[in-house]
Every structure is written in C-alpha cells, then in structure tokens.
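# Structural overview
Each chain, letter by letter, is given below.
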Amino acid sequence: MAEKITQKGFEKILREGAEKPHNLGGKLYLVIKGNSRDFSFRYTLNKRTRKYSLSPYHPLTNTLGHARKRAIELNSKLAQGIDPHQAKQLEVALAKKAETQKLVEDRNRENTFEKLAYDTYEQKRSGWTNQKHNKQWIRTLEVYAFPILGHLPIAEITTKHVLAVLNPIWNEKPETADRIRGRIEAVITRADALGLRTDKNPAQWRGHLSGLLTSAAKVKEAKAPKEERHHPALPHEQIAQFMNTLTQSSGMGARALEICILCATRTTETLKATWKEINLDKALWVIPANRMKGKKEHKIPLSTGAVAKLRELE
C-alpha cells in the first residue's frame, strides 16, 4: 500500500505536472492530463477495479484535505461491503424521487377541488342554454361542497369526503343531493382526464356509492304522498257551455284562456305571443324555437274560431 503523500509532496506533484495518475495513498489519486488536475478514488471490489471521480483540484474549494476526507468516507463504505458507485446511483435516484414527489405535492396543493370545480364550470357553461341551470350548477357546489372539499387537493379526495357532503342532505333533499353528487363526479372526472388523480372516482354512483346510499329516486318516492292526485278535468260534454260562459267574461285573462283552448297551446306560449308570429291571412301561428320547451319551431294551423277571436283582439 502506498504511503500517504504529504502536503509538500502534493505541491511538488502539482509543480512538476507529470501526466499520469499520482497515488496519494488510501486509494486516492491525482490524475494530471494536460491542464486538468482531477482527484480520483480507485478501488477493487469483487475482483473489479473501478474509478470514482472526486472532482478537479481547487486551491480553495477542493484541496487535498477535502479529497482525503471523501476518500476516508468511501473506504468506510468499502469496509461495509458497499460499492461507492452503487451508493451514488442510489443517492441520485432517491434525490430524483424526492424532487419528483415534491413537484407532485406542489401540483396537488395548487389543484384544489375548488379550483377544478370553477375550471369545470367554465368549460361546461358555454354549452348550456338554460341560464338558471347555469348558475345553479356552481352555486350548489359553493354552498354544499366547498365548505368540506374546497380546500382539499383534488388527488386526496376520498369516498369519506364525498359522503360528508351528501349524508346531511341525502334524505332531506334527495334531488338536490343527487345533482351535487353528479357535479362532484364531473369535477373529479376532469381531474382524472388531466392526470391529477389515479384513484377511482369517489363520487361515482354505479358500482360505488350505489352500495352505500339509497337511490335518490327511491328516497323521493318514499317521501311522496302515497295517493297520486290530479287537477280535476272538465267533462267534455260541458265544454260548449264553458266556452259560452268564457266568451261572455271580460278581461284579457279570459281571452288568453280562449286562445289556449282553441289552439291547444301552453299558457306561457300564449301569454308571450307576439303579433309578428301570427299570420291571420294564412291562418297560421308559428312559435319560434327559442320560445318552445323542446327548442324546435312549432306551427299551429288556426281554426276559423281562432282566427275570428284573434281578429277581435287585434
């Protein structure tokens, strides 16, 4: 085994600059090649000789003392049967894993349920025509879901969290609760698509919450009165007498009801009608799609009685 080189001996090696690996003792070498002065730890393990770089020599930041201290640490690993190269690879792998984990945690902290809920709402609302539904969609989440889920990273939401939102209202407001469940599911589905989650959607009904909650439809049915009641209908044989009485009644309400009966229209369709929709010469009433429940234009051929009544009103 080579004797350890003293500081003076080391300085002499530097001055002379002979290009070769200089054994400094303790498996530590100074490799001189051209203008480079690199420390190297050389060892044999399992009949295999390997080199482990200890960085270039620097008179302030990487002196002989620094390199010798590193060599002592590596010799200690060898004495324990640890390959310094493998230990270094493991150290790098662990550092990379820790860095990746930190990035994931940072991303999770940024992507809360509340943030993803607003993102989902903005993405969906452009396709909705019902403004009431548009506002209700996010409002119900703000009222019922955000107090429990809002601050949570989307990746950490579990079935327990979802049930904490639904259980208090499931039996009292089954229809509202089921809509909220569907909206929570939509938010988490978006998170899944964006790669922000890997676990099963905890708000999914079929095959998941269906085993924990009674269906909203059954809850609603159980709460409804057992006897189904309808508004009384006017017997058809009395319609002529009723129309005569209605004709003699004053007021626009009576006239509107006459039109509803003569044209078989809904109340709203009649009350919001405009004269430009009605062509009395052609005996045709065309209700535009934006006023129809099904969003389709509706054409009504007008009877002689309907035309006469509308001419009176005009």
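The following refers to the structure shown. (Residues numbered from 1 in each chain as written. Predicted model: local features only at pLDDT ≥ 70, side-chain atom pairs only at ≥ 80, totals over all residues. Heavy atoms only, no water.)

### Some thoughts on the sheet that holds strand 7 (residues 298-301)
Strand pairing in a sheet relies on backbone hydrogen bonds, with the paired strands running either antiparallel or parallel. Taken together, three strands build an open sheet; the order of strands is 5-6-7 and the sheet is antiparallel. For this open sheet the edge positions go to strand 5 (278-279) and strand 7, each flanked by a neighbour on one side alone. Where strand 5 lies against strand 6 (residues 284-287), two bridges are found, and the strand directions are antiparallel. In the strand pairing of strand 6, Ile278 is matched with Trp285. (Pairing = 2+ DSSP bridges. Helix = DSSP H or I, 4+ residues; strand = E, 2+ residues; numbered from the N terminus.)

### Notes on the packing of helix 4 (residues 113-125) against helix 7 (residues 174-193)
Think of two packed helices as two axes; the pair is described by the angle between the axes and how far apart they sit. Contact pair helix 4 / helix 7: the axes reach a minimum separation of 9 Å and the direction vectors enclose 95 degrees. One way to sum up the angle between helix 4 and helix 7 is to call them roughly perpendicular. Seen from helix 4, the contacting residues are Phe113, Leu116, Ala117, Asp119, Thr120, Gln123 and Lys124; seen from helix 7, they are Ile184, Ala186, Val187, Arg190 and Ala191. Counted by class, the contact of helix 4 with helix 7 contains seven nonpolar, two polar and three charged residues. (Axes fitted to C-alpha atoms, helices over the stretch in contact; angles between N-to-C directions. Parallel < 35°, antiparallel > 145°, perpendicular 65-115°, else oblique. Contact = heavy atoms within 4.5 Å. Nonpolar A, V, L, I, M, F, W, Y, C, P; charged D, E, K, R; others polar.)

### As for the nonpolar core
Core analysis: the biggest nonpolar cluster contains 32 residues, and Phe113, Leu141, Ile154 and Ile184 have the highest contact counts within it. Breaking this core down by element, the ones donating at least two residues are helix 4, helix 5 (131-149), helix 6 (159-170), helix 7 and helix 8 (216-223). Counting residues per element, this core draws most heavily on helix 7, which supplies seven residues. Those residues within four positions of Ile154 in sequence are excluded, and the remaining contacts are Asn111, Thr112, Phe113, Leu116, Val187, Ile188, Ala191, Leu196 and Arg197. If you look at the next biggest cluster of nonpolar residues, it comprises 16 residues, including Ile13, Tyr43, Leu64 and Ala67. (Core = buried A, V, L, I, M, F, W, Y, C linked by side-chain atoms within 4.5 Å. Buried < 20%, exposed > 50% of the residue type's maximum accessible area, 1.4 Å probe, protein only.)

### Quick notes on helix 12 (residues 304-313)
When we look at burial in helix 12, the residues that qualify are Ala306, Val307, Lys309 and Leu310. Seen along its axis, helix 12 keeps its buried residues to an arc of 165 degrees; they face one direction. Away from its buried face by more than 90 degrees, helix 12 exposes Thr304 and Glu312. Buried residues belonging to helix 12 abut helix 9 (239-248), helix 10 (252-263) and strand 5. (Arc of directions from axis to C-beta.)

### Here we look at a nonpolar patch on the surface
Side chains of Leu234, Ile239, Phe242, Leu257 and Ile261 sit close together on the surface and give an oily, nonpolar patch of about 380 Å² of accessible area. Of all the secondary structure elements, the ones that give two or more residues to the nonpolar patch are helix 9 and helix 10. Here Phe242 lies in helix 9. When its relative accessible area of 34% is taken as the criterion, Phe242 is described as partly exposed. (Patch = residues over 30% accessible without salt bridge, like charges linked within 9 Å, V, L, I, M, F, W, Y side chains within 5 Å. Areas by Shrake-Rupley, 256 points an atom, 1.4 Å probe, with all protein chains shown as cover. Salt bridge = Lys/Arg side-chain N within 4 Å of Asp/Glu carboxyl O.)

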